[in-house]
Amino acid sequence: NEIGLYINLPDRNMTTVNRITIKLPGVDLQVVRKGSGPQVLLLHGDDGPEDRLPFFDRMAEHYQVIQPIHPGFADTAIPEHFDNLQDLVFLYLDLIDHLGLKDTILLGFSMGGWAAAEIAVMSAQRFSKLVLVDSVGIKPGGPFDRDIADVFALPPAEQARLTWHDPSLAPDPATMTDEELQLLAAQRVALGFYTWEPYMHNPKLPHRLHRINIPTQLIWGESDGIVSLQYGQALQNMIPGANMVVISKAGHAPHVEQPEEFMKNFLDFAKS
């Protein structure tokens, strides 16, 4: 069953954002839809839903973009039976079946990229292509190597330096309302819930990525200090036939810092 929550008025692109609740086994999942045409299943990263960003509007000019909101983000609740990211993966497998997705582009950012890779390992036949943007999910180094920056331990200024090519773009808590601060804190809790143990990766995933048999592109910010270019190249090498595009003057969120360059690379790959 699907329950409509609200539909925004038409925006400057003359399309509407449709936010609905889809009842899946044990979870009422909020899903954002925008645009029409071929489908993109978009799994957002740890900064929350992407539909507030300009690239989302641009993507919706070409595709029907379907973005589930990870439970725990955007003022939603984490189900009591959830333990880690694998519960999120199986929730989205239920969503994929519910929507009857076929020949869909699967797109994931950071933590959402990890979830997308896990889904592609198990259900690649539902998708035409896979795009991973500065994705976490593997640990290519040894047990004492810091492959992924510890975002929970870093001072704010250092985290901004590692996340952004231009650290001035980092959210400034001093300018946020109490409601925005509460939302930010709740999303940090949700990120830790899904990714803490083991930190930001699945030790078994590298041994499963060979199962991905659809065209795959990695898009990486050249200045990413959370997961470096070398990390991205290690992930690329684990996925058969994957290619990688590097965006200059961008960190962990190239779709935010360089939205036009990000969309050019996405559309070139998606339409090829």
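Let me begin by describing the structure that accompanies this report. All figures in this text were calculated on a predicted structure; none of them were measured in a lab.

**Focus: the overall build of the protein**
Secondary structure summary: the protein contains 8 helices and 9 strands in total. Relative to the 2.2 N^0.38 estimate, which gives 19 Å for 272 residues, the radius of gyration of the protein is 17 Å and therefore close to what a compact globule would have. Expressed along its principal axes, the backbone C-alpha trace of the protein runs to roughly 45 × 45 × 40 Å. For the protein, the proportion of its 272 residues judged to be buried stands at 51%. Contacts in the protein between residues at least 24 apart in sequence constitute 71% of all its contacts with a sequence separation of at least 6.

**Digging into the packing of aromatic side chains**
Inspection of the entire model under this criterion finds 11 aromatic pairs. When the ring of Y63 is compared with that of F266, the centres are 6.0 Å apart and the planes differ by 75°; the resulting orientation is edge-to-face. In this pair, Y63 sits in the loop between α1 (54-60) and β5 (64-68) while F266 sits in helix α8 (residues 259-270), placing the two residues 203 residues apart along the sequence. The class for F266 is buried, based on a relative accessible area of 0%. Pairing F152 with W196 gives two aromatic rings, centres 5.6 Å apart and planes at 75°, and the pair type is edge-to-face.

**Quick look at the side chain of Q67**
Relative to the helices and strands, Q67 resides in strand β5. Polar side-chain contacts of Q67 include one of 2.6 Å to the backbone nitrogen of E50. If sequence neighbours within four positions are ignored, Q67 has contacts with Q30, V31, V32, L42, H44, P49, E50, D51 and F56.

**Quick notes on the packing of helix α2 (residues 85-99) against helix α3 (residues 111-123)**
Two elements in contact, α2 and α3, have axes whose closest approach is 10 Å; the angle formed by their N-to-C orientations is 60°. If you check the angle between α2 and α3, you find them oblique. Considering the relative orientation of α2 and α3, their crossing is right-handed. Taken together, the residues of α3 that come into contact with α2 (itself represented by L85, Q86, L88, V89, F90, Y92, L93 and I96) are M111, W114, A115, E118, I119, M122 and S123. By residue class, the composition of the contact of α2 with α3 is 12 nonpolar, 2 polar and 1 charged.

**Brief notes about unusual backbone geometry**
For the bond running from E197 to P198, omega is -5°, close enough to zero to count as cis. Summarising the element assignment, P198 is placed in the loop between α5 (178-195) and β8 (216-221). Of note, A74 is a non-glycine position whose phi angle comes to about 55°, a positive value. Here A74 is to be found in the loop between β5 and α2. Positive phi values are uncommon outside glycine, yet K249 reaches one of about 55°. Position of K249 relative to the elements: it lies in the loop between β9 (243-247) and α7 (254-257). For K249, a relative accessible area of 54% translates into the label exposed.

What counts and what doesn't
- Residues numbered from 1 in each chain as written.
- Predicted model: local features only at pLDDT ≥ 70, side-chain atom pairs only at ≥ 80, totals over all residues.
- Heavy atoms only, no water.
- Helix = DSSP H or I, 4+ residues; strand = E, 2+ residues; numbered from the N terminus.
- Rg over C-alpha atoms; globule rule 2.2 N^0.38 Å.
- Buried < 20%, exposed > 50% of the residue type's maximum accessible area, 1.4 Å probe, protein only.
- Contact = heavy atoms within 4.5 Å.
- Phe/Tyr/Trp six-rings, centres within 6.5 Å; stacked < 30°, edge-to-face > 60°.
- Polar contact = N/O pair within 3.5 Å; in protein donor to acceptor, adjacent residues only side chain to side chain.
- Axes fitted to C-alpha atoms, helices over the stretch in contact; angles between N-to-C directions.
- Parallel < 35°, antiparallel > 145°, perpendicular 65-115°, else oblique.
- Left-handed = near helix turned anticlockwise from the far one by under 90°.
- Nonpolar A, V, L, I, M, F, W, Y, C, P; charged D, E, K, R; others polar.

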